[in-house]
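# Chain and residue survey
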Amino acid sequence: MHIYARLLAASLILFVAACDASKTTNSSQGNTAQDPNAPLGQLPDSAIPTHYRIALTIKPEQPRYSGTVEIDLDLKAPQRTIYLHGHELTVDTVSAQSQGKPPVKGTYAEVHPSGVAKLTFDEELPKGLITLHLAFNAAFEAA
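Just so you know, these numbers come straight off a predicted model, no measurement behind them.

Thresholds, definitions, all that
Residues numbered from 1 in each chain as written. Predicted model: local features only at pLDDT ≥ 70, side-chain atom pairs only at ≥ 80, totals over all residues. Heavy atoms only, no water. Helix = DSSP H or I, 4+ residues; strand = E, 2+ residues; numbered from the N terminus. Buried < 20%, exposed > 50% of the residue type's maximum accessible area, 1.4 Å probe, protein only. Contact = heavy atoms within 4.5 Å. Polar contact = N/O pair within 3.5 Å; in protein donor to acceptor, adjacent residues only side chain to side chain. Salt bridge = Lys/Arg side-chain N within 4 Å of Asp/Glu carboxyl O.

## Here we look at the side chain of Ser-95
By the element assignment, Ser-95 lies in strand S5 (residues 90-98). Its relative accessible area of 16% is what places Ser-95 among the buried residues. Excluding residues that lie within four positions of it along the chain, Ser-95 makes contacts with Pro-103, Val-104, Lys-105, Gly-106, Phe-121, Thr-131, Leu-132 and His-133.

If you want it as structure tokens, here you go:
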């Protein structure tokens, strides 16, 4: 059971904070190895997470587990870039949705060895309440 507790804890490290729009780059791919704008340490408070929903698929005989996470957050200003912690995750899909609007696709890139990751969206996300949707997989940690 100890490994499962660590897995859940690792998955819940998807703490979210958005980057101040004035500090972002214009890259829509977000595939850089290092991002000079990546916040190290505490993430900025321009996006406030309000609720998390996570579902994990764990098969102990497999080397990886998978999951989905939905994170409700309150954006303090419109933006295309959000930073979060997601150390060594492989993220298959990213989208964000505000109430009554279609989802906006995004990309995920880990931009610092500490696990800081950057979500970059195809369109600017509006100020207010949005829900992030991420499908991911990750390796089991060694004991």
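Let us keep going from here.
## Thoughts on the environment of Lys-76
Structurally, the position occupied by Lys-76 is in the loop between strand S3 (64-75) and strand S4 (79-85). Classification of Lys-76 as partly exposed rests on a relative accessible area of 44%. Through-space distance from the C-alpha of Lys-76 to that of Ala-47 is 5.9 Å; in sequence the pair is 29 residues apart. Polar contacts involving the side chain of Lys-76 include one to the side chain of Asp-74, which spans 3.2 Å.

## Considering unusual backbone geometry
Located in the positive-phi region is Glu-88, a residue other than glycine, with phi close to 55 degrees. Locating Glu-88 in the fold gives a position in the loop between S4 and S5.

## Some thoughts on the pattern of salt bridges
All told, the structure shown has 3 salt bridges when counted by the stated rule. With a shortest N-O distance of 2.9 Å, Arg-53 and Asp-72 are connected by a salt bridge. With Arg-53 in strand S2 (residues 47-57) and Asp-72 in strand S3, the pair connects residues that are 19 residues apart, well separated along the chain. Looking at Arg-53, the relative accessible area reads 32%, which means it is partly exposed. For Asp-72, a relative accessible area of 17% translates into the label buried. Taking the shortest distance from any N to any O, the salt bridge between Asp-74 and Lys-76 comes out at 3.2 Å. Each of Arg-53, Glu-70 and Asp-72 takes part in one network of salt bridges that share partners.

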